[in-house]
Every structure is written in structure tokens, then in C-alpha cells.
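Results of the structural survey
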Amino acid sequence: ELKVEQNPLFLSMQEGKNYTIYCNYSTTSDRLYWYRQDPGKSLESLFVLLSNGAVKQEGRLMASLDTKARLSTLHITAAVHDLSATYFCAVRNTGNQFYFGTGTSLTVIP
Amino acid sequence: NAGVTQTPKFQVLKTGQSMTLQCAQDMNHEYMSWYRQDPGMGLRLIHYSVGAGITDQGEVPNGYNVSRSTTEDFPLRLLSAAPSQTSVYFCASSPGGAGYGYTFGSGTRLTVV
């Protein structure tokens, strides 16, 4: 069974600082997805990464994928309060099932 | 375009009761899945479907049944509710291609007392 691990689980960072969330997975896959969830809300798609070395950027968020290391990162640049949310990575296996990490709860403080 | 619609949004059940969580999508997506979300455990796959008439079990299928008689609908049935099934349930759908992630419904918050 595919395992997906995220770290850290909780992240409190000051506005303006940079940080990286890590997503490791246990079996070969080149399909990695990042989602955002606001408290009490559903999940919103952020990035789709489909090949080794893929990099996607949207505003202050940048996601990358290293399929050889089975690692994806979500880098936050110059954090702002609006980025406070829980971020999930998900890996799609060959059977087209999505397996999610436990999530990283991000709080950006002034 | 409604996307993925889940009903109800909130439900309280007594132990042993049964109920059906409804999920419908209007995007003609092949793939549909049910997840449960519990604190500290992320989202866990309950059941999934790759098309009408085809369903399969995920990581935590016990106590749940599904069917997919049409492309649009994918209901989740709780056979005999238990307190361990207290959770937030999300239905999601996706087209077949790898370039697409899941589109999620708004969720159903279920409490079993």
C-alpha cells in the first residue's frame, strides 16, 4: 500500500519568512498533487506535478517533484496571513487511486 | 456548473442506524471516490469507482457500501453506524487523465452517538 508522509505536521511562521513543506511517498509514482484546505471547508487543488523535475508556481507558493527521491516540496516565499490553511499532498498510483498525506497545518503570524 | 454536490452537510445518527450519503457530479467524470477525514490522519480512501457499474474498496471500507449505477451518482451507505464512523466525509471526482486532480464536494459532517 502506498504511504504518504508530510512534515512538518504543524508550522507556525512569521509573515515575510520562507519555509518548505515536505512530502515523501513510498512507491514509484510521477503523479503528485497539492491541495489547500481552509478550516471547515473542502479541498482546493493547487498544483499538479506529472514528471521528474516538474516545478509549478502560483504567487508565493512553488511546488516541485523529485520522483527518484520520491519527494515533493511546497515552498512558501514571504508568507502572508492569507496563506494560513492546511496543505495536503496526494500521490496517484497506477490504479488511479489518490493517497493523501496527513496534512500540514500552517499558521502565519504577524 | 454545480461540480460535486454532497448531501446532507450535517447528520447525527444513533448507533446502529443506517443512512446514505449522497454524491452527484455534473462534469461527466469517470473516477469518483469517497474519503473520510479524521484529525491527524489526513484523508483515507473508503471506496472508489472508475466508471458506472465498477466499484472497489479503498483503505478503510469496512462498514460502508457503495454503488455506481450512473456516471453522475456515487452514494455511500453506512450499514449500521458506529461511533468510530464519526468523521467528515468527502466525495471527489476526476476525469481519467493523469493531468487532473480530484474535485471535491463540500463534505458531510457525521456524528454517531
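Here's a quick rundown of the structure.

Conventions we followed
Residues numbered from 1 in each chain as written. Chains lettered and ligands numbered in written order. Predicted model: local features only at pLDDT ≥ 70, side-chain atom pairs only at ≥ 80, totals over all residues. Heavy atoms only, no water. Phe/Tyr/Trp six-rings, centres within 6.5 Å; stacked < 30°, edge-to-face > 60°. Helix = DSSP H or I, 4+ residues; strand = E, 2+ residues; numbered from the N terminus. Buried < 20%, exposed > 50% of the residue type's maximum accessible area, 1.4 Å probe, protein only. Lys NZ or Arg CZ within 6 Å of the ring centre and 35° of its normal. Disulfide = S-S within 2.5 Å. Pairing = 2+ DSSP bridges. Axes fitted to C-alpha atoms, helices over the stretch in contact; angles between N-to-C directions. Salt bridge = Lys/Arg side-chain N within 4 Å of Asp/Glu carboxyl O.

**Quick look at the packing of aromatic side chains**
Across all of its chains, the model carries 11 aromatic pairs over all chains by this definition. Judged by centre distance (4.8 Å) and plane angle (50°), the rings of Y33 of chain A and F98 of chain A are tilted. With Y33 of chain A in strand β4 (residues 32-37) and F98 of chain A in strand β10 (residues 98-100), the pair connects residues that are 65 residues apart, well separated along the chain. For F98 of chain A, a relative accessible area of 1% gives the class buried. A cation over a ring is seen here: R92 of chain A above Y31 of chain B, with NZ or CZ 5.6 Å from the ring centre.

**Overview of the state of the cysteines**
Residues and elements named next belong to chain A. Taken as a whole, this structure holds 2 disulfides over all chains when the rule is applied. Two residues share a disulfide in this structure: C23 and C89, whose sulfurs sit 2.0 Å from each other. Across the S-S bond linking C23 and C89, the dihedral sits near 85°, which makes this disulfide right-handed. Of the two residues, C23 is situated in strand β3 (residues 19-25) and C89 in strand β9 (residues 85-92); the sequence distance between them amounts to 66 residues. Across the pair, exposure class does not vary: C23 and C89 are buried alike.

**Points about the sheet that holds strand β7 (residues 61-66) of chain A**
All names here are of chain A. Pairing is antiparallel across the open sheet formed by 5 strands, whose spatial order is β1-β3-β8-β7-β6. Of all strands in the sheet, those bounded by a partner on one side alone are β1 (4-7) and β6 (55-58). If you compare each strand with its neighbour and ignore which way they point, the axes differ by 15° on average. Both β7 and strand β8 (residues 71-76) contribute to a ladder of 6 bridges, which runs antiparallel. From the neighbouring strand, L61 faces β8, where its bridge partner is I76.

**Considering the pattern of salt bridges**
Under the criterion given, the structure shown has 3 salt bridges over all chains. Note that R36 of chain A and D38 of chain A form a salt bridge whose closest N and O atoms lie 2.9 Å from each other. The residue R44 of chain B makes a salt bridge to D38 of chain B at a minimum N-O spacing of 2.8 Å. Shared partners join several salt bridges into a network, and the residues in it are R36, D38 and R44 of chain B.

**Observations regarding the pairing of β3 of chain A**
All names here are of chain A. Sheet topology note: the β1/β3 ladder contains 4 bridges and is antiparallel. By the bridge assignment, N7 is partnered in β3 with Y22. As judged from the 6 bridges shared by β3 and β8, these two strands associate in the antiparallel manner. If you follow I21 over to β8, its bridge partner there is L74.

**What to know about the sheet that holds strand β7 (residues 64-66) of chain B**
Residues and elements named next belong to chain B. Within the open sheet, the 4 strands sit side by side as β1-β3-β8-β7. Their pairing is antiparallel. A strand with exactly one partner marks an edge of an open sheet, and here the two such strands are β1 (4-7) and β7. On average, adjacent strands in this sheet sit at an angle of 20° to one another, irrespective of strand direction. Relative to strand β3 (residues 19-25), β1 runs antiparallel, the two sharing 4 bridges. Paired with T7 across the two strands is Q22, which belongs to β3.

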